[in-house]
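Secondary and tertiary structure notes
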Amino acid sequence: MQPIPTGSRQLLVAIDRICQIDAYSPNANVCVWIISWKSLNTTIRKAGGYTMKRVASRRLLAAVVLTACSSFLPLSAVHAETPEKPRIALVMKSLANEFFLTMEDGAKAYQKEHADRFELVSNGIKDETDTSSQIRIVEQMIVSGVDALVIAPADSKALVPVVKKALDAGIVVVNIDNRFDPQVLQAKKIGVPFVGPDNRKGARLVGEYLAKRLKAGDEVGIIEGVSTTTNAQQRTAGFRDAMDAAGMKIVSLQSGNWEIEKGNAVASAMLNEHPDLKALLAGNDSMALGAVSA
């Protein structure tokens with residue numbers, strides 16, 4: 001099998017009914033999550049060493065979700081013949097965002113190369129705040145009887161009830177990109193494995209880089225993503241960690257909803273209100289592009 005190029009940060013790689021997957025990566029920057037469902041006992045393992053975690057499931061499924069930086073990952077798999085291919089639903093946030101388009105393209109490319117192993121159904125919403133549409137998409141996937149659901153939730157809390165419906169229907173669920181709220185999951189008495197980056201640490205590193213180019217007391221602003229999402233909250237926390245440690249003054253924090261136009265509007269308002277502003281920290285590339293043109 002040829003190596004698989006991986007350009008997105010999270011990429012659905014494969015899911016199969018009854019299979020044993022061996023994953024090897026010569027590059028330490030590539031993180032592979034292997035999820036093996038066996039009756040009522042699921043083991044989640046991250047290649048290279050990670051804490052083992054168990055959750056319950058009713059199906060015999062195996063999924064591999066790949067978190068990649070920029071490398072190639074050879075995979076080999078030996079799996080039993082099954083009469084029907086599993087159907088996997090990939091539900092993302094806004095497909096107007098290049099990040100999620102890249103993720104979808106990667107998933108489709110892999111499925112095309114392994115069409116004999118599984119079917120892929122991909123969906124997205126029109127913008128980052130269209131939570132109700134994403135809930136409807138998940139409900140449609142439940143009714144259509146998919147075997148597994150891989151989801152980047154638009155809202156860390158609002159999507160939990162419909163995800164519980166999916167789990168109750170026997171559908172395997174994997175959470176990517178934006179983590180579900182742990183307290184809401186606990187309240188619903190469910191567990192959903194998460195594959196994604198350490199957003200707080202990443203934002204702190206960005207803030208530390210910026211701080212080296214400023215001086216203590218300088219005014220800065222933060223353009224946050226959708227405020228109800230865990231990744232937006234964690235990135236803002238990371239920015240704050242770095243700015244507070246360097247003695248900067250955060251004079252404004254506003255949401256840009258992950259979008260270029262809103263990021264532009266928020267940045268313009270901040271610059272008008274705070275003429276001494278020395279820097280803006282944006283929670284994603286789209287809002288940063290909007291801020292640059294403000």
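Residues numbered from 1 in each chain as written. Predicted model: local features only at pLDDT ≥ 70, side-chain atom pairs only at ≥ 80, totals over all residues. Heavy atoms only, no water.

1. A closer look at the sheet that holds strand β10 (residues 87–94)
Strand pairs in the sheet, formed through backbone hydrogen bonds, run parallel or antiparallel to each other. Where we set the bar: Pairs of strands are assigned from DSSP output, requiring at least two bridges between the strands. Under the DSSP-based scheme used, a helix requires at least four consecutive residues in state H or I and a strand at least two consecutive residues in state E, with every element numbered from the N terminus. In what follows, a contact means two residues having at least one pair of non-hydrogen atoms within 4.5 Å. Every axis in this analysis is a line fitted to C-alpha atoms, fitted for helices over the stretch in contact. Angles between the N-to-C directions lie between 0 and 180 degrees.
Across the sheet, 5 strands lie side by side as β11-β10-β12-β13-β14; this open sheet has parallel pairing. Every interior strand has two partners, whereas the edge strands, β11 (119–125) and β14 (194–195), have only one. Set on the sheet, helix α1 (residues 98–113) makes contact with β10, β11 and β13 (172–176); between it and β10 the angle comes to about 165°.

2. Observations concerning the sheet that holds strand β16 (residues 249–255)
Here we have 3 strands laid out as an open sheet, ordered β16-β15-β17, and parallel in their pairing. The sheet terminates laterally at β16 and β17 (277–282), the two strands that pair on one side only. For this sheet the average axis-to-axis angle between neighbouring strands, irrespective of direction, equals 20°. Alignment of strand β15 (residues 219–224) against β16, held across 6 bridges, turns out to be parallel. From the neighbouring strand, G221 faces β16, where its bridge partner is S252. Each of β15, β16 and β17 touches helix α6 (residues 230–246); the most contacted strand, β15, lies at about 170° to it.

3. A look at the pairing of β11
For clarity, the threshold we go by: Seen with the strands pointing away from the viewer, any crossover whose path from the first strand over the helix to the second strand runs clockwise is right-handed.
Pairing analysis gives 6 bridges linking β10 to β11, with the strands arranged parallel. Bridge pairing in β11 links R87 to E119. Handedness of the crossover joining β10 and β11 through α1: right-handed.

Fair warning: the whole summary comes from geometry, so function is off the table for now.
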